[in-house]
Amino acid sequence: MSVTIGIHPSVARIVPPERLESELSDAVPDAAIRVLDGGGDGGRDATVDPASVGDSLDVVASFGYEEWFLDAGLEWIHVVRAGHDEFPVDALRERGIALTNSSGIHGAPVGETVLGYMLQFAHGLHRYRTDQADREWNPRPWSESFTLEGERVCVVGLGTLGRGIARRADALGMSVAGVRRTPAPVDHVEERYSPENLREAVADARFVVLAVPLNPATEGLFGAEELAAMPEDAYLVNVARGPVADQSAVVDALRSESIAGAALDVTDPEPLPEDSPLWGMENVVVTPHASAADEAFPERVADIVGENARRLETGESLANQVV
Ligand code: NDP
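Please read these numbers as outputs of a predicted model, since none were measured by experiment.

Novice: Tell me what's going on with the nonpolar core, and back it up with residues and numbers.
Specialist: Counting 33 residues, the largest nonpolar core has Val-208, Leu-210, Phe-222, Leu-227, Met-230 and Leu-236 as its most contacted members. Among the secondary structure elements, those contributing two or more residues to this core are strand 6 (152–156), strand 7 (175–179), helix 6 (198–202), strand 9 (207–210), helix 8 (247–255) and strand 11 (261–264). In contact with Phe-222, other than residues within four places in its own chain, are Leu-198, Val-202, Val-208, Leu-210, Leu-227, Met-230, Leu-236, Val-244, Ala-245 and Asp-246.

What follows is the structure, encoded as structure tokens:
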């Protein structure tokens, strides 16, 4: 038996569907693979008319969730990103539909991007880029710059993302603390804190990086009290999900200068509304949920789907299975 895989047009948010189709064809040569019709021009916000799908699909690879996934006779849904917070895990479990995600492949791109945020704050590069747009030669006092070497970063969440960040921060000579639920040590992390000790963990960090999944336990995890626990010269970086931080508390902390700045790859909501005060703040860097971008992404997703298609046929348990 060979599997039939439908590629939902919403994957266009990160990868052209035809590129993923081509990579999947290499990874699973005997599968029947087709890009589902998004109607109209298709594209990243496309939805699919279930009547056009037929009843022959085993698997859907998708970025977004649609209600018809529950009733399409699917065996398995693959989410082409690590976060799966939009997917109704209980309903999927009830229907016996497996859910897998793309966790495990974002450590290098997100790790490098977080190093980029930290380096630009340390050396004021974001300010010089703004000056350049205004054609201004405006050297800042040397006392405003520092090196990452010897500074402390606290990474909240030590999974694929957190480890990718910790390894790179350690390589630059930073002192790395981390927060996770499990007590086991993690390479490149000197000190581990439990979530209950989050405020203590961030109290002497120059950078705090949020890298946890969004779920009921982590929604609003980083609020006014956690921000108040950070030193005044510290920076917040969020590469997790917008609602993991209380965004209005972040704005207040930035306005009152109780923290030095923030790099926000994820916001609440997304896209960040045009009238958000965050856009205009000199000490804030906003990136459009782009820290995991990597040209090798389609190939890496195809490897996970290909391996799981093989396991589906042999009856082995799936890799990266959430449900
Ligand atoms: P993993 O599942 O590999 O790791 C999650 C980590 O978070 C684990 O270390 C886990 O602890 C820890 N954790 C979970 N709950 C808590 C808590 N309440 N307090 C402290 N730590 C906690 O996930 P990834 O690293 O792959 O991804 C994490 C999230 O980042 C994703 O769910 C997604 O939302 C987001 N993401 C964002 C991207 C972007 O483009 N900005 C790209 C990829 C992911 P333990 O080790 O004890 O289990």
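Now that the structure has been shown, the text picks up again.
Novice: Give a detailed account of helix 3 (residues 107–123), specifying residues and quantitative values.
Specialist: Each turn of an α-helix holds 3.6 residues, which means side chains three or four residues apart point in the same direction. Over its 17 residues, helix 3 runs 24 Å from end to end, which matches the ideal 24 Å to within 8%, given 1.5 Å per residue. Of all the residues in helix 3, the buried ones are Gly-107, Pro-109, Val-110, Gly-111, Val-114, Leu-115, Tyr-117, Met-118, Gln-120, Phe-121 and Ala-122.

Novice: An account of the packing of helix 3 against helix 4 (residues 125–133) is requested, with residue identities and associated values reported.
Specialist: Look at helix 3 against helix 4: their axes get within 5 Å of each other, and the N-to-C directions meet at 75°. Relative to helix 4, the element helix 3 lies roughly perpendicular. In this structure, helix 3 uses Leu-119, Gln-120, Phe-121 and His-123 to contact helix 4, whose residues at the interface are Leu-125, His-126 and Tyr-128. Per-class residue counts for the contact of helix 3 with helix 4 are 4 nonpolar, 3 polar and no charged.

Novice: Can you explain the packing of aromatic side chains? Please cite residues and give values.
Specialist: Considering all chains together, one arrives at 7 aromatic pairs under this definition. Both rings, one in Tyr-65 and one in Phe-87, keep their centres 5.4 Å apart while their planes meet at 65°; by these two values the pair is edge-to-face. Taken together, the positions of Tyr-65 in the loop between strand 3 (59–62) and strand 4 (76–79) and Phe-87 in the loop between strand 4 and helix 2 (89–95) put the pair 22 residues apart, joining distant regions of the chain. Like Phe-87, Tyr-65 is buried. Taken together, a centroid distance of 6.2 Å and an interplanar angle of 40° make the contact between Phe-146 and Phe-207 tilted. Placement of Phe-146 in the loop between helix 4 and strand 6 and of Phe-207 in strand 9 is noted, with a sequence separation of 61 residues between them. Residue classification places Phe-146 among the buried residues on the basis of a relative accessible area of 12%. For Phe-207, a relative accessible area of 0% corresponds to the buried category. Three or more aromatic residues link up through ring pairs in this structure, and these residues are Tyr-65, Trp-68, Phe-69 and Phe-87.

Novice: An account of the UniProt feature "domain: D-isomer specific 2-hydroxyacid dehydrogenase NAD-binding" (unreviewed entry) in the protein chain is needed here, citing residue identities and associated values.
Specialist: Under the UniProt annotation, "domain: D-isomer specific 2-hydroxyacid dehydrogenase NAD-binding" (unreviewed entry) lies at residues 115–290. End C-alpha atoms of residues 115–290 are separated by 14 Å, and the span's content is 28% helix alongside 16% strand.

Novice: Help me get a handle on the sheet that holds strand 12 (residues 284–286), residues and values and all.
Specialist: Ordered by their spatial adjacency, 7 strands build an open sheet running 8-7-6-9-10-11-12, and the pairing between neighbours is parallel. Every interior strand has two partners, whereas the edge strands, strand 8 (191–193) and strand 12, have only one. Strand-to-strand, the axes of this sheet are offset by a mean angle of 15°, without reference to chain direction. As paired elements, strand 10 (residues 235–238) and strand 11 share 4 bridges and run parallel to each other. Residue pairing in the sheet places Tyr-235 in a bridge with Gly-261 of strand 11.

Novice: With reference to specific residues and values, describe the domain arrangement of the protein chain.
Specialist: How large an interface is tends to be reported as the accessible area lost when its parts come together. Considered domain by domain, the protein chain is made up of domain 1 (4–104 + 294–314) and domain 2 (107–286). Averaged C-alpha coordinates put domain 1 and domain 2 at centres separated by 32 Å. Carbon and sulfur atoms supply 47% of the area that domain 1 and domain 2 bury against each other, a total of about 420 Å² over both sides. The three residues of domain 1 that bury the most area against domain 2 are Asp-85, Gly-104 and Asp-294, which together make up 68% of that side's buried surface. At the junction of domain 1 with domain 2, the criterion picks out 1 salt bridge. Notably, a salt bridge pairs Asp-85 with Arg-241, separated by 3.3 Å at the nearest N-O pair. Between the two partners, domain 1 and domain 2, sit 2 residue pairs in polar contact (both at pLDDT 80 or more). Each residue belonging to the side of domain 1 that touches domain 2 can be placed in one class, and the counts come to no nonpolar, 3 polar and 3 charged.

Novice: Summarise the layout of surface pockets; cite the residues concerned and give the values.
Specialist: As a volume, the second largest pocket reaches approximately 170 Å³. Surrounding the second largest pocket, Phe-121, Arg-127, Glu-144, Phe-146, Arg-206, Tyr-235, Ala-260, Glu-282 and Asn-283 form its lining. Across the lining of the second largest pocket, the residue classes tally to 4 nonpolar, 1 polar and 4 charged.

Novice: Run through the site of the ligand, naming residues and quoting values.
Specialist: Neighbouring the ligand are 26 residues; Ser-103, Leu-161, Arg-180, Arg-181 and Thr-182 lie closest to it. Contacts to the ligand include Gly-159, whose backbone N or O atom sits 3.1 Å from an oxygen atom. The contact in question runs from an oxygen atom of the ligand to an N or O atom on the side chain of Thr-182, over 2.4 Å. Calculation on the ligand without its partners gives an accessible area of 930 Å², and the protein chains cover 87% of this total. Along the lines of polarity and charge, the residues of the shell around the ligand split into 12 nonpolar, 10 polar and 4 charged. The residues that make up the shell around the ligand include at least three from each of domain 1 (4–104 + 294–314) and domain 2 (107–286).

The rules we used
- Residues numbered from 1 in each chain as written.
- Predicted model: local features only at pLDDT ≥ 70, side-chain atom pairs only at ≥ 80, totals over all residues.
- Heavy atoms only, no water.
- Core = buried A, V, L, I, M, F, W, Y, C linked by side-chain atoms within 4.5 Å.
- Buried < 20%, exposed > 50% of the residue type's maximum accessible area, 1.4 Å probe, protein only.
- Helix = DSSP H or I, 4+ residues; strand = E, 2+ residues; numbered from the N terminus.
- Contact = heavy atoms within 4.5 Å.
- Expected span 1.5 Å × (residues − 1).
- Axes fitted to C-alpha atoms, helices over the stretch in contact; angles between N-to-C directions.
- Parallel < 35°, antiparallel > 145°, perpendicular 65-115°, else oblique.
- Nonpolar A, V, L, I, M, F, W, Y, C, P; charged D, E, K, R; others polar.
- Phe/Tyr/Trp six-rings, centres within 6.5 Å; stacked < 30°, edge-to-face > 60°.
- UniProt positions renumbered as here; feature names shortened; annotations may be inferred.
- Pairing = 2+ DSSP bridges.
- Domains from an automatic or database assignment.
- Buried area = accessible area lost by both parts, 1.4 Å probe.
- Salt bridge = Lys/Arg side-chain N within 4 Å of Asp/Glu carboxyl O.
- Polar contact = N/O pair within 3.5 Å; in protein donor to acceptor, adjacent residues only side chain to side chain.
- 1 Å grid on protein atoms, 1.4 Å probe; cavity = no way out; pocket = protein on both sides within 12 Å on 5 of 7 lines; lining within 4 Å.
- Points joined across faces, edges and corners; volume = space filled by probe spheres on them.
- Near = heavy atom within 4 Å.
- Areas by Shrake-Rupley, 256 points an atom, 1.4 Å probe, with all protein chains shown as cover.

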